[in-house]
Amino acid sequence: MKSMHAEIGDAVRFSKTVGEADVYLYAGITGDFSGNHVNDEFMKKSIYGQRIAHGALTIGFMSTASTLMIERSLSQGIDSTPVSLGYDRVRFLAPVFFGDTVNVTYTIKEVDEERRRTRSQVEVHNQKGVLVAVGEHLLKWVKNEVAETEAA
Ligand SMILES: C[C@@H](O)CC(=O)SCCNC(=O)CCNC(=O)[C@H](O)C(C)(C)COP(=O)(O)OP(=O)(O)OC[C@H]1O[C@@H](n2cnc3c(N)ncnc32)[C@H](O)[C@@H]1OP(=O)(O)O
């Protein structure tokens, strides 16, 4: 059985409208009640003119896209448990406003069979086509040693 079903150019997409409830749920879960996200009067004075979503929530949407990629690979049968190794070079390039729809594209750019790692480019656009966030994601395809021992 293969350790990973992932090839350069493989891509998945995830789309979601970001509502006020999403931002408040995220604030409640993490405790990040920055005025950027929950204080409309404060934000009216900023260049944004209104509240914006947490950058880390956008990273969460990147993570959702990686899960879609993993599920695709799992459905083809693999002997590993893919886990996130982390994100590199993440930049929040434009704000995500309440009511915006984010469209995440997750594309595999490198496959390292020896180290059982993939590196993917992640891009997030809003409904107007503006690139709001970018980053690279590393997945580690951790070998299922226990399962193999049991099978032997
Ligand atoms: C406490 C928390 O709760 C706070 C938050 O979560 S706030 C919410 C998240 N943040 C945002 O929504 C901010 C959205 N971004 C912006 O409004 C603007 O991008 C900015 C005002 C923050 C940046 O202004 P700018 O003057 O352009 O910034 P810099 O020039 O200093 O840095 C830009 C870096 O982005 C890199 N970059 C630009 N284009 C691309 C691209 N297409 N792909 C990849 N990277 C890009 C650029 O190279 C700069 O990065 P570097 O490391 O300095 O090279």
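This is a predicted model, so every value here is computed, not measured.

This part is about the site of the ligand. Neighbouring the ligand are 15 residues, the closest being D32, H37, Y48, R91 and F92. Contacts to the ligand include Y48, whose side-chain N or O atom sits 2.6 Å from an oxygen atom. A distance of 2.6 Å separates an oxygen atom of the ligand from a polar side-chain atom of R91. Contact with the protein chains hides 45% of the accessible area of the ligand, taken as 1,100 Å² for the molecule alone.

Here the focus is the confidence of the model for the protein. This prediction gives the protein a mean pLDDT of 94; 95% of its residues lie at or above 70. In the model output, the complex is listed with pTM 0.94 alongside ipTM 0.98.

One finds V18, L57, Y106 and V124 to be the most contacted residues of the largest nonpolar core, which totals 26 residues. With residues up to four places along the chain from it excluded, the contact list for L57 reads V18, D22, V23 and Y26.

Glancing now at helix α1 (residues 20–30). Every buried residue of α1 is accounted for by V23, Y26 and A27. Down the axis of α1, the sector holding all buried residues measures 100°, keeping them to one side. For α1, the exposed residues set more than 90 degrees away from the buried face come down to A21, L25 and I29. Taken together, the buried residues of α1 touch α2 (35–38) and α4 (55–75).

The next subject is the UniProt feature "domain: MaoC-like" (unreviewed entry) in the protein. The UniProt record annotates "domain: MaoC-like" (unreviewed entry) at residues 7–125. Within residues 7–125, the helical portion is 34% and the strand portion 34%, while the C-alpha atoms at the span's ends are 23 Å from each other.

Most peptide bonds adopt trans geometry, and most residues besides glycine take a negative phi value. One non-glycine residue with positive phi stands out, namely R89, at about 50°. Secondary-structure assignment places R89 in strand β2 (residues 80–92). Even without a glycine there, the phi angle at R116 is positive, about 55°.

To continue, consider the pattern of salt bridges. If you walk through the whole model with that rule in mind, you get nine salt bridges. As a salt-bridge pair, R51 and E20 come within 2.9 Å of each other at their nearest N and O atoms. Within this pair, whereas R51 is found in the loop between α3 (40–44) and α4, its partner E20 is found in helix α1, the two being separated by 31 residues in sequence. In this structure, D88 engages R119 in a salt bridge whose closest nitrogen and oxygen atoms are separated by 3.0 Å. With D88 in strand β2 and R119 in strand β4 (residues 117–125), this residue pair connects regions lying 31 residues apart in the sequence. Residue classification places D88 among the partly exposed residues on the basis of a relative accessible area of 30%. According to the relative accessible area criterion, R119 is buried, its value standing at 18%. Through salt bridges that share partners, D88, E110, R119 and E136 make up one connected network.

Rules of the game
Residues numbered from 1 in each chain as written. Predicted model: local features only at pLDDT ≥ 70, side-chain atom pairs only at ≥ 80, totals over all residues. Heavy atoms only, no water. Near = heavy atom within 4 Å. Polar contact = N/O pair within 3.5 Å; in protein donor to acceptor, adjacent residues only side chain to side chain. Areas by Shrake-Rupley, 256 points an atom, 1.4 Å probe, with all protein chains shown as cover. pLDDT = per-residue confidence, 0-100. Core = buried A, V, L, I, M, F, W, Y, C linked by side-chain atoms within 4.5 Å. Buried < 20%, exposed > 50% of the residue type's maximum accessible area, 1.4 Å probe, protein only. Contact = heavy atoms within 4.5 Å. Helix = DSSP H or I, 4+ residues; strand = E, 2+ residues; numbered from the N terminus. Arc of directions from axis to C-beta. UniProt positions renumbered as here; feature names shortened; annotations may be inferred. Salt bridge = Lys/Arg side-chain N within 4 Å of Asp/Glu carboxyl O.

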